[in-house]
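Observations on the model geometry
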Amino acid sequence: MTELTSLTIAEAREKLRSRDITSTELTDAYLAAIEAANDQLNAYVAVTPDIARKQAAASDERLARGEGGALEGIPLGIKDLFGTEGVHTQACSHILDGFQPRYESTVTANLFADGAVMLGKLNMDEFAMGSSNETSWYGPVTNPWRRKGDNKALVPGGSSGGSAASVAAHLCAGATATDTGGSIRQPAAFTGTVGIKPTYGRCSRWGVVAFASSLDQAGPITRDVRDAAIMLKSMASVDAKDTTSADIPVPDYEASIGQSIKGMKIGIPKEYRVEGMPQEIEDLWRQGVEWLRDAGAEIVDITLPHTKYALPAYYIVAPAEASSNLARYDGVRYGLREEGKNIIEMYEKTRAAGFGPEVKRRVMIGTYVLSAGYYDAYYLRAQKVRTLIKRDFETVFHDGVDAILTPATPSAAFGVADQDMAADPVKMYLNDIFTVTVNMAGLPGIAVPAGLDGQGLPLGLQLIGKPFDEETLFRTGHVIEQAAGRFTPEKWWS
Amino acid sequence: MSVDLATVKRVAHLARIAVTDEEAAKMEGELNAILGFVEQLNEVDIDGVEPMTSITPMQMKKRQDVVTDGDKAADIVANAPLSDENFFLVPKVVE
């Protein structure tokens, strides 16, 4: 019999429904795998075995009666950014020490309503700010992938590094994640997993710790495209508690899997061919084009002229929103408090002790660009550029393009404590060069593993779709997956 | 545009983050690297372009202005570092 933890969500779902296995067995197998691996991978910051076993037992009862939801008995990992009632929710920041919300985020409530089991909370960059999971208060996550013949620890990407690593290492069947500039798709690409950032407004942001509210979206990271479709269906909803939640019914995404892409128009944007991009990424991209052409799609060259301005505009808009959102961490209502001789000093000392260097940098940038005299030069200009970025996409979609194919990242996973990136924050930011445009325009984007580089590390391709057309991404992503195959790291950690 | 040490300290105070002289000096370099990076936005012709205020073309949802929730004072202060009888406690602000 195959190892229980190697089953995809779809496979486990069948075995649970047919009573070949129980959720309790599956959950115990995952808890044992976490126990054996977490010291080395550091993917989980809190494991919740009591909750998991209780939920699994309840799922087994429902399954025995022939009942159960779409994710009945499936053990998942939850990114630490999602509010989970009575459970560790700290956005992996020191400033939220001890915080356990008295409410449940809409996304996790949706998952639990569909029968999902929570194994624990997953590591991430502090407040989702980072591309390597190294800004976490709980320390970096180690990528389950290593270069051939090399034991050097690599980053899993970020900010959803714990989510991606735990899925790749089979420490959960699937994981929730969030994406503000690439935080689902970049770690998925670095770990050989599938990650989708849906259209802005598709998943409720209610109860998710806010970073940049006009960019943040939740989505799943999974082992394959079908599992991503299954999980997104459960995560997404129309929610009155989030005023930006879209009033559009959630389709059955899984029905798109296996549908033909014959006649579909796939755009290839020339602006994504950036200077210094490794030949292997260029080759992978060309390979992706061939796969889609072989499957009957029409390939067209397109132009998205404002692409290069997306990242600089992002580094005004996102820090500005973050500086406002993070103003709430003041040592009064929750989390850490450092005493001072007056209230201002208390605020300043609390925030100095509670925020890490990357978060401070972004709060400072945001405060500066919003401060008197600079608003027009920075923030207003960035929001205008954002309009132009969105218009670029609207133009190509209007011209009949169904989806856009690009590389997911400009490189494979890099080493923990990379000196170049530590010395220059902008170098780290460049990781999101292919993903950030999608957040700026509010569009859906999926990263699908497409191959291994010469050193044996996974590389991914990204598909960008029209607003609320996640179905085309699942359909097309599945074609890439069928051609490329799936990738699993060698198990070296236990 | 770039920031000097005095500006870094002023912004840190606005952001309510205590910084030492050493930290402020380090931040000066980092913030200037980021501000240098975003400078390229000045190349873009934004004449007549509306700033983005809503990412999806939809009306902000409105709700009835009625009480739908409440009586949760204990829940609200449950995570406070210091509270007393459902009040948050802070250092004295009025002499």
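Predicted model only: the values in this text are computed from it and were never measured.

Attention shifts here to the overall build of chain B. What chain B contains, in helices and strands, is three helices and two strands. Helices and strands in chain B line up, N terminus first, as α-α-α-β-β. Relative to a compact globule of 95 residues, whose C-alpha radius of gyration would be 12 Å, chain B shows 22 Å and is clearly more extended. A sequence separation of at least 24 residues applies to 27% of the contacts in chain B between residues at least 6 apart.

This part covers the interface of chain A and chain B. On the chain B side, the residues contacting the 70 residues of chain A number 49 residues. Overall, the association of chain A and chain B removes approximately 5300 Å² of surface from exposure, summing both partners, and the carbon and sulfur fraction of that is 71%. Applying the counting criterion to the chain A and chain B interface returns four salt bridges. Residues B:Glu43 and A:Lys308 are paired through a salt bridge, measuring 3.5 Å at the closest nitrogen-oxygen approach. Counting every contact that joins chain A to chain B gives 17 residue pairs in polar contact (both at pLDDT 80 or more). Sort the elements by how many residues they give to the side of chain A that touches chain B and helix α12 (residues 376–398) of chain A lands first, with 13 residues. Here the side of chain A that touches chain B is composed, by residue class, of 36 nonpolar, 16 polar and 18 charged.

This part is about the packing of aromatic side chains. Residue and element names in this part refer to chain A. Under the defined criterion, the tally for this structure stands at 17 aromatic pairs over all chains. A centroid spacing of 5.6 Å and a plane angle of 25° characterise the contact between tyrosine 272 and phenylalanine 434, whose relative ring orientation is stacked. Within this pair, whereas tyrosine 272 is found in the loop between β7 (265–269) and α8 (279–294), its partner phenylalanine 434 is found in the loop between α14 (425–429) and α15 (436–441), the two being separated by 162 residues in sequence. Each member of the pair, tyrosine 272 as well as phenylalanine 434, is classed as buried. Arranged with centres 5.4 Å apart and planes meeting at 40°, the rings of tyrosine 375 and tyrosine 379 form a pair that is tilted.

All right, on to the pairing of strand β2 (residues 75–79) of chain A then. Residues and elements named next belong to chain A. Counting buried residues along β2, five of its five residues qualify, which places the element largely inside the surrounding structure. Residues Pro75, Gly77 and Lys79 point to one face of β2 and Leu76 and Ile78 to the other, with burial holding for every one of them. Read as a crossover between parallel neighbours, the route from β2 over helix α4 (residues 106–113) to strand β3 (residues 117–122) is right-handed. For β2 and strand β4 (residues 174–179), the ladder comprises two bridges, and the chain directions are parallel. Bridging from a neighbouring strand, glycine 77 pairs with alanine 175 of β4.

Taken as a whole, this structure holds 29 salt bridges over all chains when the rule is applied. A salt bridge links A:Glu282 to A:Arg286; the shortest N-O distance between them is 3.8 Å. Residue A:Glu282 and its partner A:Arg286 are located together in helix α8, separated by four residues, close to a single helical turn. A residue is classified by how much of its surface remains accessible, and A:Glu282, at 15% relative accessible area, is buried. For A:Asp283, the salt bridge identified is with A:Arg286, shortest N-O distance 3.7 Å. Taken together, the positions of A:Asp283 and A:Arg286, both in helix α8 and three residues apart, correspond to about one turn of that helix. Within the structure, one salt-bridge network assembled from shared partners comprises A:Glu358, A:Arg361, A:Arg362, B:Lys26 and B:Glu30.

Our focus in this paragraph is a nonpolar patch on the surface. Residue and element names in this part refer to chain B. Taken together, Val90, Val93 and Val94 make up a surface patch of nonpolar side chains, about 260 Å² in accessible area. Along the polypeptide, valine 90 turns up in the segment after β2 (87–88). Its relative accessible area of 36% is what places valine 90 among the partly exposed residues.

Once that is clear, we can look at the sheet that holds β3(A). Residue and element names in this part refer to chain A. Sheet architecture is open: 11 strands sit in the order β1-β3-β2-β4-β6-β5-β10-β11-β9-β7-β8, paired in mixed fashion. Every other strand in the sheet has two partners, leaving β1 (44–47) and β8 (298–302) as the edge strands with one partner each. Neighbouring strand axes in the sheet, compared pairwise and without regard to direction, differ in orientation by 30° on average. Here three bridges tie strand β5 (residues 194–197) to strand β10 (residues 445–452), and the two strands are oriented antiparallel to one another.

Another aspect to go through is the pairing of β7(A). All names here are of chain A. In terms of burial, β7 is largely enclosed, as four of its five residues are buried. Note that the unit made of β7, α8 and β8 has a crossover that is right-handed. One ladder, built from two bridges, connects β7 with strand β9 (residues 403–407); its direction is parallel. Residue pairing for β9: isoleucine 266 is matched across the bridge by alanine 403.

Conventions used here
- Residues numbered from 1 in each chain as written.
- Chains lettered and ligands numbered in written order.
- Predicted model: local features only at pLDDT ≥ 70, side-chain atom pairs only at ≥ 80, totals over all residues.
- Heavy atoms only, no water.
- Helix = DSSP H or I, 4+ residues; strand = E, 2+ residues; numbered from the N terminus.
- Rg over C-alpha atoms; globule rule 2.2 N^0.38 Å.
- Contact = heavy atoms within 4.5 Å.
- Buried area = accessible area lost by both parts, 1.4 Å probe.
- Salt bridge = Lys/Arg side-chain N within 4 Å of Asp/Glu carboxyl O.
- Polar contact = N/O pair within 3.5 Å; in protein donor to acceptor, adjacent residues only side chain to side chain.
- Nonpolar A, V, L, I, M, F, W, Y, C, P; charged D, E, K, R; others polar.
- Phe/Tyr/Trp six-rings, centres within 6.5 Å; stacked < 30°, edge-to-face > 60°.
- Buried < 20%, exposed > 50% of the residue type's maximum accessible area, 1.4 Å probe, protein only.
- Right-handed = clockwise from strand over helix to strand, strands pointing away.
- Pairing = 2+ DSSP bridges.
- Patch = residues over 30% accessible without salt bridge, like charges linked within 9 Å, V, L, I, M, F, W, Y side chains within 5 Å.
- Areas by Shrake-Rupley, 256 points an atom, 1.4 Å probe, with all protein chains shown as cover.
- Axes fitted to C-alpha atoms, helices over the stretch in contact; angles between N-to-C directions.

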